[in-house]
Amino acid sequence: MKPWQEAYEKRYKAAKERGRSFFPYAVFKDALVALIVFGVLSYLAIHFGAKLEELADPTDTTYNPRPEWYFLFLFQALKAFPGSLESVAAVVLPGAAILLLIAVPFMDSGPLRHPLNRPFWTALGIFAAGGVATLTFFGLRSPLLNPTQERNPQVMAGKRLFSELNCAYCHRINGKGGKVGPDLAAVAGTRSDDWLKAHFRNPKAVSPGSVMPKLNLLPEEIDDLTAYVQSLGTGGPYSPEAPKLFAADCEVCHTMHGKGADIGPDLSHIGAARERGFIKNYIMNPANTKPDSIMPSFKGQLTGLQIEDLTRYLAHQR
Amino acid sequence: MSASNDGGPRGWLYERTGVDRVWDALFARKVPEAQGWVSWLYTLGSATLFVFVLQAVTGTLLAMNYVPSPDHAYDSVRYINTSVVMGHYLRGLHHWGASAMVVLVGLHMLRTYFMGAYKYPREGTWMIGVLLLVVVIGFGFTGYLLPWDQKAYWATMVGTNIAGQTPFIGPYLKKIFRGGPEMGAATMTRFYALHVLVLPAIVGALIMGHLFLVVWHGISEPPTRAADADAEKEPGR
Ligand code: HEM
């Protein structure tokens, strides 16, 4: 043992002699803080609870993976790396940080403990803690890659039923799924709600000779499934006016099949990436979906019919 | 024979279990006194411990109604939220407790860092602490998948993809985490086993070691410039 370590032990023993018993003095403080923490957690649990989003959907490529908030600083930091290095940095950076932390007691090993007597380590600590806090802040504020869609709860309930009832065993959606029944994306918009509902109640009643079984669904379930099926597909044909409207109002910013500007994203395949409701909401008021969008809102600028027409036109771009 | 053996039942118990001496060693020991607001910073470790125990209790109760399979996990969590007695509260506590754990571990680490509490003779306490930090993050990562909702699925997709980028061993890591090339039922049982069996065992052992060292060395005294000045006079540093 080095002399300063021996001296430390002696000094520490003296400090302990002068000190107080752990119980009840320290235990009281610990218990009080634990109680406060429990109170805060109970409040959060009761008032905010824990969210449960929609059932995992491995085919939904428009979903925004949001990491838990305490990983945000890392994702924010990774943005500073060029694409090819980013993925490597995602592993190497945290690994190096952990090793550095483990090594701290050996790199800063003298007897001096007061933060002002260890200016380098104190500054490093403030820098690191401040950096993590700042990155987390910007991570929380940064826009989502794929803006969250306002989803129609009825559509989502229908989607859940679709998977629970294993409809995909017979039906495909845009080519994915079974081949016994028709592609539902092609059905959407070509049949009325009433037809679909009658069909769900008893397929043979409206489609004689159908091999689809009668499903004994509740009325709400029939409504949900109908909403879901109608949300697929393009909503029906668009008028010859729609492409002209697009050329007049949208091509100043967007590209469509090689024509137009690149201020906004290329929309040549937007129908494959977005559902109709999303596109329509976006045209009417972009800020509702993506708060920092610079695209103007077209509600009021165009009539409701024009917006519907444009929506169908875009939904067709696959 | 213990001095407290007066022939009564209490003495009998002490003589056979030694709880009196355990009590003396853990609770009746003297600790250096910190003054004012600084003394409250010393509660952060025990607050972390408290939330950890809370996570263990709420987690056990949740596990009684949870089904770790992609077909049923989502519905069982919904069932917990809507139908289990106090289920909404329990799940809320476990959810917010996870965040509190990260916050408190972070603050506790900052307090020991800035006070130089990792210095001689407490280096081991600190190093076990860093491992605890890693395990706490591991709990968060594995627990996030379990509700099997959109957020769970896609965040884990990203997370396992990142693990796949580790130099050399990445592809194997990814396969081990996912239990195969794709995410699915195997991923879920794997994460569940890690979350409720492997990590609790590791964290239990680490916490025991951490606390043993805290008691063994005694909690560090608040640093002062006077004490540092004294230490500087020692030869041979
Ligand atoms: C599950 C996580 C953890 C638990 C339950 C825990 C618990 C505790 C408790 C109860 C103490 C007693 C004194 C105090 O509260 O400050 C303590 C001390 C200590 N902890 Fe932790 N801790 C955890 C994580 C960490 C981490 C992440 C670090 C640092 C990387 C760390 C480093 C230390 C050190 C150096 C001490 C000694 C402090 C002193 O003697 O002044 N701990 N810990």
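Source: prediction; values computed, not measured.

Participant: It is not clear to me how the overall build of chain B should be interpreted in this structure. Could you clarify?
Facilitator: A count of helical and extended segments in chain B gives eleven helices and one strand. Ordered by position in the sequence, the α and β elements of chain B form the string α-α-β-α-α-α-α-α-α-α-α-α. Taken against the 2.2 N^0.38 rule, which gives 18 Å for 237 residues, the C-alpha radius of gyration of chain B at 23 Å runs more than 25% over that of a compact globule. For chain B, the C-alpha atoms occupy an extent of roughly 60 × 55 × 35 Å along the three principal directions. Scored against the burial criterion, the 237 residues of chain B give a buried share of 46%. Once local pairs closer than 6 in sequence are excluded, the contacts in chain B between residues at least 24 apart make up 65%.

Participant: What's the story with the interface of chain A and chain B in this structure? I'm lost.
Facilitator: Often the size quoted for an interface is simply the accessible area lost on bringing the parts together. Of the residues lining the interface, 82 residues belong to chain A; the matching set on chain B comes to 88 residues. When chain A packs against chain B, close to 7900 Å² is buried across both sides, 67% of that on carbon and sulfur atoms. Among the residues of chain A in contact with chain B, Tyr12(A), Leu52(A) and Arg113(A) are the three that bury the most area, contributing 9% of the side total. Run the count over chain A and chain B and you get two salt bridges. Ionic pairing is found between Glu33(B) and Arg20(A), a salt bridge with its closest N-O pair at 3.1 Å. At the junction of chain A and chain B, the tally comes to 39 residue pairs in polar contact (both at pLDDT 80 or more). Every element with two or more residues in the side of chain A that touches chain B is listed here: helix 1 (3-18), strand 1 (20-21), helix 2 (22-47), helix 4 (83-107), helix 5 (119-141) and helix 6 (153-164) of chain A.

Participant: In this structure, what is going on with the environment of Ala129(A)? I would like to understand it.
Facilitator: Structurally, Ala129(A) can be placed in helix 5. For the pair Ala129(A) and Pro286(A), spaced 157 residues apart in the sequence, the C-alpha separation amounts to 36 Å.

Participant: For this particular structure, what's the right way to read the nonpolar core?
Facilitator: Most often, soluble globular proteins have nonpolar side chains that are buried together. If you look at the biggest cluster of nonpolar residues, it comprises 26 residues, and the most contacted ones within it are Leu41(A), Val51(B) and Trp126(B). Sorting the residues of this core by element identifies helix 2 and helix 4 of chain A together with helix 4 (44-63), helix 6 (87-114) and helix 7 (123-145) of chain B as the ones contributing at least two each. Considering every element that reaches this core, the biggest residue donor is helix 6 of chain B, with eight residues. Contact partners of Leu41(A), with chain neighbours within four places excluded, come to Val51(B), Leu54(B), Leu93(B), Trp96(B), Gly97(B) and Ala100(B). Listed in part, the 20 residues of the second largest apolar core include Ala56(A), Leu62(B), Phe141(B) and Trp154(B).

Participant: Help me out: how do you make sense of the side chain of Asp228(B) in this one?
Facilitator: Its place among the elements puts Asp228(B) in helix 11 (residues 225-233). Buried and unpaired, Asp228(B) has Arg113(A) as its nearest opposite-charge partner, separated by 6.0 Å. Once residues lying within four places of it in the same chain are set aside, the contact partners of Asp228(B) are Pro111(A), Leu112(A), Arg113(A), His114(A) and Asn117(A).

Participant: Sorry if this is basic, but what is going on with the domain arrangement of chain A here?
Facilitator: For chain A, the assigned domains read domain 1 (66-142), domain 2 (153-232) and domain 3 (241-315). For domain 2 of chain A and domain 3 of chain A, the distance between their C-alpha centres works out to 29 Å.

Participant: What's the story with the coordination of the iron atom of the ligand in this structure? I'm lost.
Facilitator: Octahedral metals with six donors have ideal donor angles of 90 or 180 degrees. Tetrahedral metals with four donors have an ideal donor angle of 109.5 degrees. All names here are of chain B. Looking at the iron atom of the ligand, the protein donor atoms are His-108 (NE2) and His-210 (NE2), and they sit 2.0 to 2.1 Å from it. With six donor atoms in place around the iron atom of the ligand and angles of 84 to 179 degrees between them, the coordination shape is octahedral. Of this pair, His-108 sits in helix 6 while His-210 sits in helix 10 (residues 185-217), and the two are 102 residues apart along the sequence. Taking relative accessible area as the criterion, His-210 reaches 14% and is therefore assigned buried.

Participant: Help me out: how do you make sense of a nonpolar patch on the surface in this one?
Facilitator: Residues Phe28(A), Leu32(A), Ile36(A), Val40(A), Trp37(B) and Trp40(B) make up a contiguous nonpolar surface patch of about 660 Å² in total accessible area. Here the element with the most residues in the nonpolar patch is helix 2 of chain A; it accounts for four residues. Residue class for Phe28(A) comes out exposed when judged on its relative accessible area of 55%.

Participant: Hey, could you run me through the packing of helix 13 (residues 276-284) of chain A against helix 15 (residues 304-315) of chain A in this one?
Facilitator: What describes two packed helices is the angle between their axes and the distance between those same axes. Residue and element names in this part refer to chain A. Look at helix 13 against helix 15: their axes get within 9 Å of each other, and the N-to-C directions meet at 130 degrees. Judged on the interaxial angle alone, helix 15 and helix 13 are oblique. Classified by chirality, the crossing of helix 15 by helix 13 is right-handed. Only Ile-307, Glu-308, Leu-310, Thr-311, Leu-314 and Ala-315 of helix 15 make contact with helix 13, whose side of the interface consists of Arg-276, Ile-279, Lys-280, Ile-283 and Met-284.

Participant: Quick question: what am I supposed to make of the site of the ligand here?
Facilitator: All names here are of chain B. Looking at the ligand, there are 24 residues lining it, with His-108, Arg-111, Gly-129, His-210 and Ser-220 nearest. Contact between the ligand and Gly-45: an oxygen atom at 2.9 Å from a main-chain N or O atom of the residue. Ser-220 places a side-chain nitrogen or oxygen 2.4 Å from an oxygen atom of the ligand. Of all the elements in the fold, those that place two or more residues in the shell around the ligand are helix 4, helix 6, helix 7 and helix 10. Broken down by class, the residue content of the shell around the ligand amounts to 13 nonpolar, nine polar and two charged.

Participant: So what exactly am I meant to see when it comes to the confidence of the model for chain A here?
Facilitator: Interpretation of the predicted coordinates at a detailed level should be avoided for regions scoring low in pLDDT. Mean pLDDT for chain A: 86, with 95% of residues reaching 70 or above. Mean pLDDT across the elements of chain A ranges from a minimum in helix 12 (residues 270-273) of chain A, with 74, to a maximum in helix 2 of chain A, with 96.

Participant: Looking at this structure, I do not really get the pattern of salt bridges. What am I missing?
Facilitator: Two side chains that carry opposite charge are able to pair once their charged atoms sit near each other. Applying the stated rule across the entire model yields twelve salt bridges over all chains. Across the pair Glu54(A) and Arg160(A) runs a salt bridge, and its minimum N-O distance is 2.8 Å. Taken as a pair, Glu54(A) in the loop between helix 2 and helix 3 (72-78) and Arg160(A) in helix 6 lie far apart in primary sequence, 106 residues in all. Residue Arg160(A) is classed as buried on the basis of its relative accessible area of 17%. Through salt bridges that share partners, Asp108(A), Arg118(A) and Lys119(B) make up one connected network.

Participant: What is the right way to look at the environment of His108(B) in this model?
Facilitator: In this structure, the C-alpha to C-alpha distance between His108(B) and Leu44(B), residues 64 residues apart in sequence, is 5.2 Å. Sequence-distant contacts of His108(B), defined by excluding residues within four places in its chain, comprise Leu44(B), Gly45(B), Thr48(B) and His210(B).

Participant: Is there a simple way to think about the packing of helix 4 of chain B against helix 10 of chain B in this case?
Facilitator: Residue and element names in this part refer to chain B. Put simply, helix 4 and helix 10 touch, their axes get as near as 12 Å, and they point 155 degrees apart. Compared by their axis directions, helix 4 and helix 10 come out roughly antiparallel. Every pair of crossing elements has a handedness; the one defined by helix 4 and helix 10 is left-handed. Contact residues: Leu-49, Phe-52 and Ala-63 in helix 4; Tyr-192, Val-203, Ile-207 and Leu-211 in helix 10.

Participant: Please clarify how the packing of aromatic side chains should be interpreted in this entry.
Facilitator: What characterises a pair of aromatic rings is the spacing of the ring centres plus the angle enclosed by the ring planes. All told, the structure shown has 28 aromatic pairs over all chains when counted by the stated rule. The interplanar angle of 55 degrees and the centroid separation of 5.1 Å between the aromatic rings of Tyr70(A) and Phe71(A) together place this pair among those described as tilted. By relative accessible area, Tyr70(A) is classed as buried at 8%. Members of the aromatic cluster, joined through ring pairs, are Phe22(A), Phe23(A), Trp23(B) and Phe27(B). One residue, Lys29(A), lies across the ring of Trp40(B), its end atom 5.4 Å from the ring centre. Sitting above the plane of the Tyr42(B) ring, Arg111(B) keeps its charged end 4.1 Å from the centroid.

Cut-off values and rules
- Residues numbered from 1 in each chain as written.
- Chains lettered and ligands numbered in written order.
- Predicted model: local features only at pLDDT ≥ 70, side-chain atom pairs only at ≥ 80, totals over all residues.
- Heavy atoms only, no water.
- Helix = DSSP H or I, 4+ residues; strand = E, 2+ residues; numbered from the N terminus.
- Rg over C-alpha atoms; globule rule 2.2 N^0.38 Å.
- Buried < 20%, exposed > 50% of the residue type's maximum accessible area, 1.4 Å probe, protein only.
- Contact = heavy atoms within 4.5 Å.
- Buried area = accessible area lost by both parts, 1.4 Å probe.
- Salt bridge = Lys/Arg side-chain N within 4 Å of Asp/Glu carboxyl O.
- Polar contact = N/O pair within 3.5 Å; in protein donor to acceptor, adjacent residues only side chain to side chain.
- Core = buried A, V, L, I, M, F, W, Y, C linked by side-chain atoms within 4.5 Å.
- Lys, Arg positive; Asp, Glu negative; His and termini not counted.
- Domains from an automatic or database assignment.
- Donors = N, O, S within 2.8 Å, 3.2 Å for Na, K, Ca; no water.
- Tetrahedral: all angles 85-135°; square planar, octahedral: opposite > 155°, others 65-115°.
- Patch = residues over 30% accessible without salt bridge, like charges linked within 9 Å, V, L, I, M, F, W, Y side chains within 5 Å.
- Areas by Shrake-Rupley, 256 points an atom, 1.4 Å probe, with all protein chains shown as cover.
- Axes fitted to C-alpha atoms, helices over the stretch in contact; angles between N-to-C directions.
- Parallel < 35°, antiparallel > 145°, perpendicular 65-115°, else oblique.
- Left-handed = near helix turned anticlockwise from the far one by under 90°.
- Near = heavy atom within 4 Å.
- Nonpolar A, V, L, I, M, F, W, Y, C, P; charged D, E, K, R; others polar.
- pLDDT = per-residue confidence, 0-100.
- Phe/Tyr/Trp six-rings, centres within 6.5 Å; stacked < 30°, edge-to-face > 60°.
- Lys NZ or Arg CZ within 6 Å of the ring centre and 35° of its normal.

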